[in-house]
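# Descriptive structure summary
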Amino acid sequence: MHHIEQVYINGEFVTPHGTERFDLYNPATARVIGQVRLADAVDGERAIAAARAAFPAWSKTTKQTRIAALQRMYAAVAARHDDLLEAVVEEYGAPASRSAWMASYPAEVIAQAIAALEAFEFTTVAGTAKVEMTPLGVAGLITPWNSDAGFICGKLAAALAAGCTAVIKPSEMSALQTQIVTEALHAADLPPGVFNIVTGRGDTVGETISRHPHVAKISFTGSTRTGKAILRNAAENFTRVTLELGGKSPTLILDDADIKQAIPLAVQAGLMNSGQACVAGTRILVPQSRKAEFEQALAQAIAAVKSGDPRDAKTVVGPMVSERQWQRVQGYIQKGLAEGARLLVGGVGRPEGTRDGWFVRPTLFTDVHNQMAIARDEIFGPVLCVIAYRDEAEAIAIANDTDYGLSALVLGGDSGRARRVAQQIHAGRVLVNTLTHEPKAPFGGFKHSGVGREMGAWGISAFMEPKTILG
Ligand code: NAD
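Treat the numbers as computed from the prediction; the structure is a model and nothing was measured. (Residues numbered from 1 in each chain as written. Predicted model: local features only at pLDDT ≥ 70, side-chain atom pairs only at ≥ 80, totals over all residues. Heavy atoms only, no water.)

What follows is about helix H14 (residues 415–423). Of the positions making up H14, those classed as buried are Arg 417, Ala 418, Val 421 and Ala 422. Burial along H14 is one-sided: seen end-on, the buried residues are contained in an arc of 145°. Along H14, exposed side chains directed more than 90 degrees from the buried face belong to Arg 420 and Gln 423. Buried-residue contacts for H14 involve strand S13 (249–253), helix H13 (392–400), strand S18 (407–411) and strand S19 (429–432). Where H14 begins, the capping side chain belongs to Asp 414, and its oxygen is found 3.0 Å from the backbone nitrogen of Gly 416. (Buried < 20%, exposed > 50% of the residue type's maximum accessible area, 1.4 Å probe, protein only. Helix = DSSP H or I, 4+ residues; strand = E, 2+ residues; numbered from the N terminus. Arc of directions from axis to C-beta. Contact = heavy atoms within 4.5 Å. Polar contact = N/O pair within 3.5 Å; in protein donor to acceptor, adjacent residues only side chain to side chain.)

Where helix H2 (residues 63–78) contacts helix H4 (residues 96–119), the axes come no closer than 8 Å and their chain directions differ by 165°. One element, H2, and the other, H4, form an angle in the roughly antiparallel class. For the element pair H2 and H4, the recorded crossing hand is left-handed. On H4, the residues touching Lys 63, Arg 66, Ile 67, Leu 70, Gln 71, Met 73, Tyr 74, Val 77 and Ala 78 of H2 are Pro 106, Ala 107, Glu 108, Ile 110, Ala 111, Ile 114, Leu 117, Glu 118 and Ala 119. (Axes fitted to C-alpha atoms, helices over the stretch in contact; angles between N-to-C directions. Parallel < 35°, antiparallel > 145°, perpendicular 65-115°, else oblique. Left-handed = near helix turned anticlockwise from the far one by under 90°.)

What follows deals with empty space enclosed by the protein. Remark: the empty space left among the atoms is shown by a probe the size of a water molecule rolled over them. Following the criterion strictly, the structure yields 4 cavities of 30 Å³ or more and no others. The computed volume of the largest cavity comes to approximately 90 Å³. Listed by contribution, the elements that provide at least two residues to the lining of the largest cavity are strand S2 (7–9), strand S5 (31–37) and helix H6 (175–187). The wall of the second largest cavity is formed by 13 residues, among which Ala 269, Val 279, Ser 407, Leu 409 and Leu 431 lie closest to the centre. Sorting the residues of the lining of the second largest cavity by element identifies S13, S18 and S19 as the ones contributing at least two each. Considered class by class, the residues forming the lining of the second largest cavity number 8 nonpolar, 4 polar and 1 charged. (1 Å grid on protein atoms, 1.4 Å probe; cavity = no way out; pocket = protein on both sides within 12 Å on 5 of 7 lines; lining within 4 Å. Points joined across faces, edges and corners; volume = space filled by probe spheres on them. Nonpolar A, V, L, I, M, F, W, Y, C, P; charged D, E, K, R; others polar.)

Here the largest pocket defines a volume of roughly 1,600 Å³. Trp 145, Met 173, Ser 223, Thr 226 and Arg 324 are, among the 48 residues lining the largest pocket, the residues nearest its centre. Only strand S4 (21–26), helix H7 (202–211), strand S11 (217–221), helix H8 (224–235) and helix H11 (323–338) provide two or more residues apiece to the lining of the largest pocket. Among the elements that make up the lining of the largest pocket, the one with the highest residue count is H8 (6 residues).

Here it is in structure tokens:
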């Protein structure tokens, strides 16, 4: 059993004022594996005060000092790779296909921030003016459970690079990862108060941070619903926000696509992180003229996907993170059937050979139209929809007919044509015949998928305000 009893404020592990204990589960067994003592609003206030006291000195540090601090953070987090690997498997059932990345990404994202900081111009010239990029102040960083350690490290590295200090409110469901990252960051020996980590509930610590007049910036990754609540709270003090929210991303397969290349990419895009990924390509748009062919190939590929024990190297889809998330996925599969979609693979219940854990059957529906709930709502599980289109114009219209706009994938034989289609899709990131990621490029969403961008120079600028000096 894990017992996490402390939070991190002003350079020290301290017992929180909050007394509530929150159970941690292994989703592969549905058993309790530990407890975390949660911070409360008082702890949130203390953390903000510590970050505020540390800001004047940190905001005046040189680029070299910040790079050196980030390098120490990188080394300390990289040294905990194996512990992080174990935690992401135990704490949320990340399958082998995902867990290796989840354990290495927290250090990698710090390295990416170092590279961005090295190239960052804090002062530029605009006509007769000098423009100085000025750090905003205390940053509140709020993370989701589906990549907790990665988001803590990515947001913190960008905030510190900009000269901000931080209060981090990690997901209450990710306390094991948070503990490992906190120990590593403590070992990196940053000045007290520069970062503070208070695991607590969203409606207590999260609200305290997003409403606080001494918090100048919120960088949040999580659901669109919570993002809206944060945006409303932020309005009170004109707190700057970066919101990385949900998605219902299209995978648009053009009529000239090579089926052998398109299917593995479409399946991987749809099922990444067991379907619990903001960028998951859950709407698969296929040409009516080749519908039967794509249905058959997709069904075959998804039927072959192993869903089960995350420690089995062959597993592609691990358990859902919580019982609530398991119920949500079951509910959407039932809704799809009730709406008249045709089930090709999967369905309600657990996959064969699994028992107690929150395992689900990778599910593929066809004859889906874009107004059905399964095509509109972010399910956050391995439930994919095949939607047929008549021509390219209709395909683009369906791809864009969504509240979201985080990511999209276009697959086609003629890459020039696929790129022209990509240009017409309203999303923060459009991938053409690839699933590779570019950490130097901005990441974020259009429409209800968010506000602002992370990564690279955009990620650092998001923690700053330009100041124009004339004369
Ligand atoms: P969530 O919105 O339930 O919680 C995210 C965080 O917000 C948690 O730390 C939670 O405690 C906190 N929170 C909850 N209520 C709050 C409030 N009122 N004020 C302040 N903080 C509050 O999301 P989740 O279930 O942890 O994560 C899944 C969601 O995250 C999905 O919708 C997914 O698409 C999204 N996500 C987006 C990205 C992206 O980059 N766009 C990446 C990963 C996940």
